[in-house]
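Residue-level structure breakdown
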Amino acid sequence: LKLRRELADRRADASLLTDTLVRLAEAAGPGPARADALLELGALHAQEGRPREAEQTFARAIEGATDEGFAALCQLAVLYEQNNEPALAVDAWRRVVATPKGIKAPEAWTQLATAERRQEAPEAARDALREALALLEDDDLEARWELLRGVDEALAELRDDKSRRALLEDELEPLLAQ
């Protein structure tokens, strides 16, 4: 009974917060304040397990953002990853790194590389990791080392992929000749 009450209170709080954020977004009118309210509302939808509402809200936040939707695009990419939609996540991370803020953010490039690797695109992952590495400060040795390990893993996957392809071709060639 206590658990039910707590759950009901949580839902009521989430509902109240949702209503407040919707009103704030509407009252703010077009512009950055509205985009910020929509970003918060989208995050709340995602947290409450409503991914489609979150996706739609993030899309509205992107339209009104002054930073070309950097934060909302990041949230959208994470939402796609959490909902096991890797192709959409890759697309969203690509949009993130295409923004003026994202193109200078090594973390965004690293996230893109991770998403590309999940999509089994080691060449694209390697290229994204190289971009991230180029953006890091020379004195940030730990971050550079971590990225270098990522590049090495992407290159190993690429070599493995080419080796597997060559083995398959060797195995298939006699069959095709028959």
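What comes next is a walk through the structure. (Residues numbered from 1 in each chain as written. Predicted model: local features only at pLDDT ≥ 70, side-chain atom pairs only at ≥ 80, totals over all residues. Heavy atoms only, no water.)

Remarks on the overall build of the chain
Stated formally: Each helix is a run of DSSP H or I of at least 4 residues and each strand a run of E of at least 2, with the numbering of both proceeding from the N terminus. We call two residues in contact whenever any of their non-hydrogen atoms come within 4.5 Å of each other. All accessible areas in this document rest on Shrake-Rupley with a 1.4 Å probe, and a residue is counted as covered only by the protein chains that are shown.
Helix and strand counts for the chain come out as eight helices and zero strands. Taken from N to C terminus, the helices and strands of the chain fall in the order α-α-α-α-α-α-α-α. When contacts within the chain are restricted to residue pairs at least 6 apart in sequence, long-range pairs at least 24 apart make up 41% of them. Only carbon and sulfur atoms are counted for the fraction: they give 52% of the accessible area of the chain, which is about 11500 Å².

Considerations on the pattern of salt bridges
Quick note on the threshold: A carboxyl oxygen of Asp or Glu within 4 Å of a side-chain nitrogen of Lys or Arg is what we treat as a salt bridge. Note on exposure labels: buried denotes an accessible area under 20% of the residue type's maximum, exposed denotes more than 50%, and partly exposed covers the range between, all computed with a 1.4 Å probe on protein chains only.
Here the structure, examined in full by the defined rule, presents five salt bridges. For glutamate 81, the salt bridge is made with arginine 118, and the minimal N-O distance between the two is 3.8 Å. Residue glutamate 81 is located in helix α4 (residues 70–82), and its partner arginine 118 is located in helix α6 (residues 106–118); the two are separated by 37 residues in the primary sequence. Judged by relative accessible area, which is 25%, glutamate 81 ranks as partly exposed. A salt bridge links arginine 126 to aspartate 127, with the shortest nitrogen-to-oxygen separation between them at 3.3 Å. Given a relative accessible area of 39%, aspartate 127 falls into the partly exposed group. Each of Arg52, Glu55 and Glu85 takes part in salt bridges that share partners, so that together they form one network.

Details of the environment of aspartate 67
Relative to the helices and strands, aspartate 67 resides in the loop between α3 (51–64) and α4. Using a relative accessible area of 28% as the deciding quantity, one classes aspartate 67 as partly exposed. The spatial distance from the C-alpha of aspartate 67 to the C-alpha of threonine 99 is 7.6 Å, given a sequence separation of 32 residues.

Focus: the environment of glutamate 146
Here glutamate 146 shows up in helix α8 (residues 141–177). Overall, glutamate 146 belongs to the partly exposed group, its relative accessible area being 46%. Taking the C-alpha atoms as reference points, glutamate 146 and leucine 133, 13 residues apart in sequence, are found 9.5 Å from one another.

Here we look at the nonpolar core
We apply this condition: As used here, the term nonpolar core means buried Ala, Val, Leu, Ile, Met, Phe, Trp, Tyr and Cys residues forming a set that is joined through side-chain atoms within 4.5 Å.
Phe58, Leu76, Trp93, Val96, Trp109, Leu112 and Leu147 are the most contacted members of the largest nonpolar core, which totals 33 residues. When residues of this core are traced back to their parent elements, those giving at least two are α2 (32–47), α3, α4, α5 (86–97), α6 and α7 (122–135). For this core, the leading source of residues is α4, giving eight residues. Ignoring sequence-local partners within four residues, the contact set of leucine 147 consists of Thr110, Leu129, Ala132, Leu133 and Leu136.

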